[in-house]
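Each chain is listed here by its residues.
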Amino acid sequence: MKNISKYKFVLYGMGLIASSLFSSCDDWVETESLDINQAGIEDENPALYADYLENLRAYKNSDHKSIFVSFDNQIKQPYNRAQHINVIPDSTDIVSLIYPNNLVEREIQEINETRENKGTKFVFTVSFDAIKLNYTQLKSEEDKAREDGEEIVSPLPTFINYMVDSLHNSFSLVKKYNYDGVCFAYEGKSILHMTEQEKAEYMSYHNAFIGILKDWSTRNADKMVLFQGKPQNLLDKSFLTDCKYIIIPCSDAGNSSKLSYNIYSAAVEGVPTDRFIVAVETISLDPADMKTGYWADGVTHSVEGASVWVAAEHEGFKVAGMGIYNVSNDFFSSERVYHYTRMAIDNINPSLKN
């Protein structure tokens, strides 16, 4: 159900569909009563809406700065509109689902409709560091059980075998739910101060992880591949040439200078410099949390500040877009639904403004 602002949007946008409509159907998703079934533009003027969607898809296939978001889809039976995938602003290019498995029919339907109608891509993240952390915790529990004299019926495999199983299970989701690709996350660490034994172990883990990624990417050339993390810590950086974007997490950035520092730190030899995306946090839904989603001044919203930086010219590297973590939190902005996300879309692609 859409409110009256959608009708105003149609009147205003009749002559501007090829340009101004690209920024999203933003006014079509304002907060509203859910028990009134008003007609939407897709019902009132199907031809105009079809033109809008066609232009939106063409825009996403054009040269522009992309918007990547992560979306918390943990709730399977939504109790507010923020929990619906198809309410994310239309001009969002890539959505990474935080919970990629056990999708319900409602989620699958919303994903398929959003992909088909709006050209939005859907991925999920596979993290080396998360797999390593899970394994370390399980190993600690197993060691403690042994110390307590408990019988270990199914001992843990080696880390590499555990990682291989984890990755293969993740890859199976791509086919199961028809994801458009995978975002591979890797923080890693520098090997400069490691002992020879530590270095050998680290390299074996790294090489196994990258080898699996390369193999999967080669066998799934039709799927989008993204990298997220610290590319400077990769020992084998050749995999990055296959990645559409290199996402640099910048949740710790308190100002624009830190954004630049994070990019320059990542732009080492062997790392492509023409596809960087900086990713920041939205504000917390906890009103007492005045740090998450804000810059160091305590006033500037990270999404707003980062979008201005992304839109600027930079020397030595290209910023291909920006990322917004936990985007659904922005649904509840006091100004308007998805206020800062919509502002970012306008800021990083100023040619699309009226």
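Residues numbered from 1 in each chain as written. Predicted model: local features only at pLDDT ≥ 70, side-chain atom pairs only at ≥ 80, totals over all residues. Heavy atoms only, no water.

Trainee: Got a minute to help me understand the overall build of the protein chain in this structure?
Mentor: The helix and strand tally for the protein chain stands at 10 helices and eight strands. Among the 354 residues that make up the protein chain, the fraction classed as buried is 50%. Taking as baseline every contact in the protein chain between residues at least 6 positions apart, the subset at least 24 positions apart corresponds to 74%. For the protein chain, the exposed area adds up to about 17,500 Å²; of that, 50% sits on carbon and sulfur atoms. (Helix = DSSP H or I, 4+ residues; strand = E, 2+ residues; numbered from the N terminus. Buried < 20%, exposed > 50% of the residue type's maximum accessible area, 1.4 Å probe, protein only. Contact = heavy atoms within 4.5 Å. Areas by Shrake-Rupley, 256 points an atom, 1.4 Å probe, with all protein chains shown as cover.)

Trainee: Teacher, can you tell me more about the nonpolar core here?
Mentor: A general feature of soluble globular proteins is that nonpolar side chains tend to end up buried together. Ranked by internal contacts, the top residues of the largest apolar core, which has 73 residues, are Tyr179, Phe184 and Met322. When sequence neighbours within four positions are dropped, the list of residues in contact with Met322 reads Ser66, Ile67, Phe68, Ile277, Val278, Val280, Val303, Ala306, Ser307, Val310, Ala344 and Ile348. The next biggest cluster of nonpolar side chains, apart from the first, holds 12 residues, and it includes Phe68, Cys183, Ala279 and Ala320. (Core = buried A, V, L, I, M, F, W, Y, C linked by side-chain atoms within 4.5 Å.)

Trainee: Just checking my understanding: could you explain the environment of Ile152 for this structure?
Mentor: Topologically, Ile152 is positioned in the loop between helix 5 (128-147) and helix 6 (159-177). Taking the C-alpha atoms as reference points, Ile152 and Glu142, 10 residues apart in sequence, are found 7.5 Å from one another. Sequence-distant contacts of Ile152, that is, excluding residues within four places in its chain, are made with Glu142, Ala145 and Arg146.

Trainee: What is the right way to look at the sheet that holds strand 7 (residues 276-281) in this model?
Mentor: Adjacent strands of a sheet form backbone hydrogen bonds with each other and so pair up, either parallel or antiparallel. One closed barrel accounts for eight strands, arranged 1-2-3-4-5-6-7-8; its pairing is parallel. Each adjacent strand pair in this sheet contributes to an overall mean axis angle of 25°, direction not counted. Relative to strand 5 (residues 224-229), strand 4 (residues 181-186) runs parallel, the two being bridged by six bridges. The residue bridging Ala185 from the neighbouring strand is Gln228, located in strand 5. In this fold helix 5 packs onto strand 3 (121-127) and strand 4, with an angle of close to 45° to the strand it touches most, strand 3. Packed onto the sheet, helix 7 (residues 196-219) meets strand 4 and strand 5 and runs at close to 165° relative to strand 4. (Pairing = 2+ DSSP bridges. Axes fitted to C-alpha atoms, helices over the stretch in contact; angles between N-to-C directions.)

Trainee: In this structure, what is going on with the pairing of strand 3? I would like to understand it.
Mentor: Across a regular strand the side chains alternate sides, sitting on one face of the sheet and then on the other. Counting buried positions along strand 3 yields five of seven residues, so the element is predominantly enclosed. As paired elements, strand 2 (residues 94-97) and strand 3 share three bridges and run parallel to each other. Across the sheet, residue Ser96 finds its bridge partner in strand 3, namely Val123. Crossover strand 2 to strand 3 through helix 4 (residues 105-118) is right-handed. The pairing of strand 3 with strand 4 spans five bridges and is parallel. Bridge pairing in strand 4 links Thr125 to Cys183. (Right-handed = clockwise from strand over helix to strand, strands pointing away.)

Trainee: Mind showing me how you'd approach helix 9 (residues 302-311) here?
Mentor: Along an α-helix, a turn takes 3.6 residues, which lines up residues three or four apart on a common side. Burial of helix 9 is extensive: seven of the 10 residues sit out of reach of the surface. Within the span of helix 9, buried status applies to Ser302, Val303, Gly305, Ala306, Ser307, Trp309 and Val310. In this fold, the buried residues of helix 9 make contact with helix 8 (256-266), strand 7, strand 8 (319-325) and helix 10 (339-348).

Trainee: Would you take a moment to explain the packing of helix 9 against helix 10 for this structure?
Mentor: The axes of two packed helices give the description: the angle between them and the distance between them. For the pair helix 9 and helix 10, interaxial distance at closest approach is 8 Å and the crossing angle is 10°. As the angle between them shows, helix 9 and helix 10 are arranged roughly parallel. Contact residues: helix 9 offers Val303, Glu304, Ser307, Val308, Val310 and Ala311, while helix 10 offers Tyr340, Thr341, Met343, Ala344, Asn347 and Ile348. Within the contact of helix 9 with helix 10, the residues separate by chemical class into eight nonpolar, three polar and one charged. (Parallel < 35°, antiparallel > 145°, perpendicular 65-115°, else oblique. Nonpolar A, V, L, I, M, F, W, Y, C, P; charged D, E, K, R; others polar.)

Trainee: I would appreciate a short explanation of helix 8 in the present structure.
Mentor: Buried within helix 8 are the following residues: Leu259, Ser260, Asn262, Ile263 and Ala266. All buried residues of helix 8 lie within an arc of 160° about the axis, which places them on one face of the element. Pointing more than 90 degrees away from the buried face of helix 8 are the exposed residues Ser257 and Tyr261. On its buried side, helix 8 packs onto strand 6 (245-249), strand 7 and helix 9. Two or three places before Ser257, at the opening of helix 8, Asn255 has a side-chain oxygen 3.1 Å from that residue's backbone nitrogen. (Arc of directions from axis to C-beta. Polar contact = N/O pair within 3.5 Å; in protein donor to acceptor, adjacent residues only side chain to side chain.)

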